Amino acid sequence: MTATNGKRKIRYAVVGLGWFAQEAALPAFAHSENSELVALVSDDRTKCEELSKEYGIQHTYSYEEYEDCLTSGEVDAVYIALPNHLHCDYTVRAANQGIHILCEKPMAGTEQECEAMIKAANDNGVKLMIAYRLHLEEANLQAVEIVRSNQIGESRLFNSVFTQQVEEGNIRLRDITGGGTLYDIGIYCINAARYLFQDEPIEVFAVAATKGEQRFSEVEEMTSVILRFPNERLATFTCSFGAASVSTYRIVGTKGDLRVEPAYAWQGELKHYLTINGETQERTFASHDQLAAEFTYFSDCILQNKDPEPSGIEGLIDVRIVQALYHSIETGKPAQIQTLDRHQRPTSAQTIKHPPIEEKPDLIHATAPSGES
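Just so we're clear, the structure is a prediction, and the values are computed from it rather than from any experiment. (Residues numbered from 1 in each chain as written. Predicted model: local features only at pLDDT ≥ 70, side-chain atom pairs only at ≥ 80, totals over all residues. Heavy atoms only, no water.)

Colleague: When you look at the overall build of the protein in this model, what are you seeing that I'm missing?
Modeller: For the protein, the count of helices and strands is nine helices and 16 strands. The C-alpha atoms of the protein give 20 Å as radius of gyration, which agrees with the globular expectation for 373 residues (21 Å, within 12%). Considered along the principal axes of its C-alpha atoms, the protein spans approximately 55 × 50 × 40 Å. Residues counted as buried form 56% of the 373 residues belonging to the protein. At a minimum sequence separation of 6, the contacts of the protein that also span at least 24 residues come to 70%. Only carbon and sulfur atoms are counted for the fraction: they give 45% of the accessible area of the protein, which is about 15700 Å². Across the protein, the 33 positively charged side chains and the 54 negatively charged ones have centroids separated by 5 Å. (Helix = DSSP H or I, 4+ residues; strand = E, 2+ residues; numbered from the N terminus. Rg over C-alpha atoms; globule rule 2.2 N^0.38 Å. Buried < 20%, exposed > 50% of the residue type's maximum accessible area, 1.4 Å probe, protein only. Contact = heavy atoms within 4.5 Å. Areas by Shrake-Rupley, 256 points an atom, 1.4 Å probe, with all protein chains shown as cover. Lys, Arg positive; Asp, Glu negative; His and termini not counted. Charge placed at Lys NZ, Arg CZ, Asp CG, Glu CD.)

In structure tokens, the structure reads:
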């Protein structure tokens with residue numbers, strides 16, 4: 001760990017330099033006072049060279065050299081932004097070298113992989129956090145408080161739409177990389193229902209729909225889901241890779257409802273529309289650097305020896321639900337689900353605000369899912 005003004009900084013390697021890592025993660029280190037970007041890991045030499053110049057990074061490694069990165073003595077933690085099917089391997093290898101891990105969601109493709117990741121972190125005494133950035137974001141955490149305080153009465157139902165156009169050829173449309181609407185974007189809706197209801201679903205049902213477009217030859221175009229929660233509460237959502245950009249959820253109680261829009265965005269303003277007894281109040285939450293908040297929070301967990309709230313268990317629960325939903329799609333029947341008890345839940349105390357990234361970084365060999373460069 002490096003020391004600056006008497007304060008220790010956690011030194012990170014970013015593993016995987018795709019669109020999101022370049023657009024959101026790399027610039028975020030400038031806003032995090034306790035985190036420092038010191039290494040890049042990618043097989044794309046052009047990315048490594050140009051981004052290391054851009055961010056003043058001395059150490060770059062290919063994937064074959066990952067072990068060298070972990071044992072270099074230069075790195076305290078890794079941020080894993082690789083395709084989903086690689087999360088387990090790269091997490092376990094980091095844990096085995098005593099390196100802390102912040103891993104993007106979905107945590108992995110299977111429950112077994114998630115369990116192997118948790119075990120490796122526990123066995124080696126390192127922190128493992130899954131990158132649920134909305135667990136630190138003000139609009140979503142205030143939504144949790146509104147529901148918990150019964151402002152809308154007893155919460156009864158949750159409904160969400162999360163859709164976007166994903167261009168043909170994008171990695172999200174490949175089955176082998178752990179793609180699919182539920183793993184990539186449906187997981188936000190599942191997670192939101194869980195943190196708003198502060199509970200775990202006991203039964204799930206899903207249907208998938210796909211037109212005959214070539215781009216959806218490996219993964220479904222869209223999925224609709226019903227989650228049954230204890231106390232006879234229902235959560236429903238639809239997610240799609242073939243529809244216009246929509247990101248919203250609504251939770252309805254016995255006295256009112258709260259709509260959040262855009263609900264899952266990683267940048268820009270988020271808005272609340274709170275309706276109680278027929279009267280609606282609108283509240284705008286300013287844009288913040290959500291990735292800087294993640295790095296700050298995780299570094300603080302390492303420095304203070306605290307367990308991160310979006311833990312491996314949080315990631316495992318969502319993957320278990322996603323797997324049950326795909327089973328439901330295959331069988332055409334509801335699936336019962338045995339979920340783990342979750343004692344830690346996100347609360348407003350976890351809110352972290354950093355100023356937003358002002359300038360859009362130039363992307364090297366990377367495009368957004370919608371085709372923006």
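Colleague: Would you explain the domain arrangement of the protein in this entry?
Modeller: A common measure of how large an interface is: the accessible area buried when the components associate. Each assigned domain of the protein is listed with its residue range as follows: domain 1 (10-133 + 291-309) and domain 2 (138-287 + 317-345). Inter-centroid distance (C-alpha atoms) of domain 1 to domain 2 is 26 Å. Across the boundary between the two partners, domain 1 contributes 21 residues, which contact 21 residues of domain 2. Summed over the shared surface of domain 1 and domain 2, the number is two salt bridges. Across the pair glutamate 111 and arginine 320 runs a salt bridge whose closest N-O atoms are separated by 3.0 Å. For the interface between domain 1 and domain 2, the tally reads eight residue pairs in polar contact (both at pLDDT 80 or more). Only helix H1 (19-28) and helix H5 (111-124) provide two or more residues apiece to the side of domain 1 that touches domain 2. Top element by residues in the side of domain 1 that touches domain 2 is H1. It accounts for four residues. Looking at the side of domain 1 that touches domain 2, its residues break down into 10 nonpolar, four polar and seven charged. (Domains from an automatic or database assignment. Salt bridge = Lys/Arg side-chain N within 4 Å of Asp/Glu carboxyl O. Polar contact = N/O pair within 3.5 Å; in protein donor to acceptor, adjacent residues only side chain to side chain. Nonpolar A, V, L, I, M, F, W, Y, C, P; charged D, E, K, R; others polar.)

Colleague: Quick question: what am I supposed to make of the pairing of strand S6 (residues 100-103) here?
Modeller: Looking along a regular strand, one sees side chains alternate from face to face of the sheet. Residues His100 and Leu102 of S6 are buried on one face, and the alternating residues Ile101 and Cys103, pointing to the opposite face, are buried as well. Pairing of strand S5 (residues 77-80) with S6, which is carried by four bridges, proceeds in the parallel orientation. Opposite tyrosine 79, over in S6, you have leucine 102 as the bridge partner. Crossover connection from S5 via helix H4 (residues 87-96) to parallel S6: handedness right-handed. (Pairing = 2+ DSSP bridges. Right-handed = clockwise from strand over helix to strand, strands pointing away.)

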